[in-house]
Amino acid sequence: MNKIPPLAITLIKVIIHLVSLSVLLYLYLLIDSGRLGADPVKEMIHFLGKTGLNYLLITLAITPLSKRLKQPLLGRLKRLLGIYTFVWTSLHITAFLWLELSWEWGFLFEEIIKRPYLSLGMLAWVILLLLSITSLNAIKRKMKQSWFILHRWVYVAVILGTIHYYWSVKSGVTEPIIYFIICFVLLRERSPYFKSKFTSVLKVISMKSN
Ligand code: HEM
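If you're wondering where the values come from, they're calculated on a predicted model, not measured in any experiment. (Residues numbered from 1 in each chain as written. Predicted model: local features only at pLDDT ≥ 70, side-chain atom pairs only at ≥ 80, totals over all residues. Heavy atoms only, no water.)

Another point: a positive patch on the surface. On the surface, Lys67, Lys78, Arg79, Lys140, Arg152 and Lys197 cluster together to form a positively charged patch. With respect to the helices and strands, the residue lysine 67 is situated in helix α2 (residues 40–68). When its relative accessible area of 60% is taken as the criterion, lysine 67 is described as exposed. (Patch = residues over 30% accessible without salt bridge, like charges linked within 9 Å, V, L, I, M, F, W, Y side chains within 5 Å. Areas by Shrake-Rupley, 256 points an atom, 1.4 Å probe, with all protein chains shown as cover. Salt bridge = Lys/Arg side-chain N within 4 Å of Asp/Glu carboxyl O. Lys, Arg positive; Asp, Glu negative; His and termini not counted. Charge placed at Lys NZ, Arg CZ, Asp CG, Glu CD. Helix = DSSP H or I, 4+ residues; strand = E, 2+ residues; numbered from the N terminus. Buried < 20%, exposed > 50% of the residue type's maximum accessible area, 1.4 Å probe, protein only.)

On to helix α5 (residues 116–133), then. For α5, with 18 residues, the first-to-last C-alpha span of 26 Å sits near the 26 Å given by 1.5 Å per residue. Of all the residues in α5, the buried ones are Leu118, Leu120, Gly121, Ala124, Trp125, Ile127, Leu128, Leu131 and Ser132. In this fold, the buried residues of α5 make contact with α2, α3 (78–100), α4 (105–114), α7 (145–151) and α8 (154–168). (Expected span 1.5 Å × (residues − 1). Contact = heavy atoms within 4.5 Å.)

Here we come to the coordination of the iron atom of the ligand. Six octahedral donors around a metal ideally subtend angles of 90 or 180 degrees, whereas four tetrahedral donors ideally subtend 109.5 degrees. Within the protein, the iron atom of the ligand binds to His92 (NE2) and His164 (NE2); these donor distances fall in the range 2.0 Å. One can describe the donor arrangement at the iron atom of the ligand as octahedral, given that its six donor atoms subtend angles of 87 to 180° at the metal. Placement of the pair is histidine 92 in helix α3 and histidine 164 in helix α8, with a sequence separation of 72 residues. In terms of burial, histidine 92 and histidine 164 fall into one category: buried. (Donors = N, O, S within 2.8 Å, 3.2 Å for Na, K, Ca; no water. Tetrahedral: all angles 85-135°; square planar, octahedral: opposite > 155°, others 65-115°.)

Bringing the site of the ligand into the picture now. Near the ligand lie 21 residues; those nearest to it are His46, Lys50, His92, His164 and Lys170. For the ligand, an oxygen atom lies 3.3 Å from a polar atom in the side chain of lysine 50. Between the ligand and histidine 92, the relevant distance is 2.8 Å, taken from a nitrogen atom to a side-chain nitrogen or oxygen of the residue. Taken together, the elements giving at least two residues each to the shell around the ligand come down to α2, α3, α5 and α8. (Near = heavy atom within 4 Å. Polar contact = N/O pair within 3.5 Å; in protein donor to acceptor, adjacent residues only side chain to side chain.)

Within the secondary structure layout, leucine 187 lies in helix α9 (residues 174–188). Apart from residues no more than four positions distant in its own chain, leucine 187 is found in contact with Tyr155, Val158, Ile159 and Phe194.

This is the structure:
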């Protein structure tokens, strides 16, 4: 397969922007036409939460895809997709804070402490926030090796986001389970990394016990 030229990557980025804008427009049309059912606020929170999780899974699919297709330039899409993940999940939380809690920040923190599934959601969001801030080239250069260590936390964010989803549903766990399977398949692609991490932890433990 021929190498994808840089111009094609720029084109794909434009398509990602257009798709993201269409998703937002679609949500607006659903709201405007009253097609969000009996509880439009809940549906809006769900829509934005699921879109955020979908973008996170797509972001994690880029590296295995670029390796299998031997197209390293695809890696350039990760930052844009990562930023959109952060935007969708921030809109998700804003919808909850605005439409369910009427901008009562106190309630938000009370809810996050009181409901474990929200605590996990908050942890996932904080990780996505740190990854977004540090995705700036200047910060990446300054952070050197620790940048790569920090950006491995995306694996923790996707696990927390999927558990948050599973735990938030009142009925019908089929879809969250499908998300768990996709999450597992994408993380399994990183098994060499997890194995090396696990081995080095075992080494430290055995050295400490000697
Ligand atoms: C402070 C952080 C967060 C808060 C306060 C929050 C809040 C919520 C709430 C209130 C629900 C709906 C629960 C219900 O139906 O009763 C929900 C569901 C959901 N959230 Fe979050 N969330 C947060 C972070 C995240 C993050 C970071 C992600 C994605 C990575 C995410 C993805 C989802 C998904 C997929 C659902 C289920 C949607 C569905 O049932 O269709 N949330 N969240």
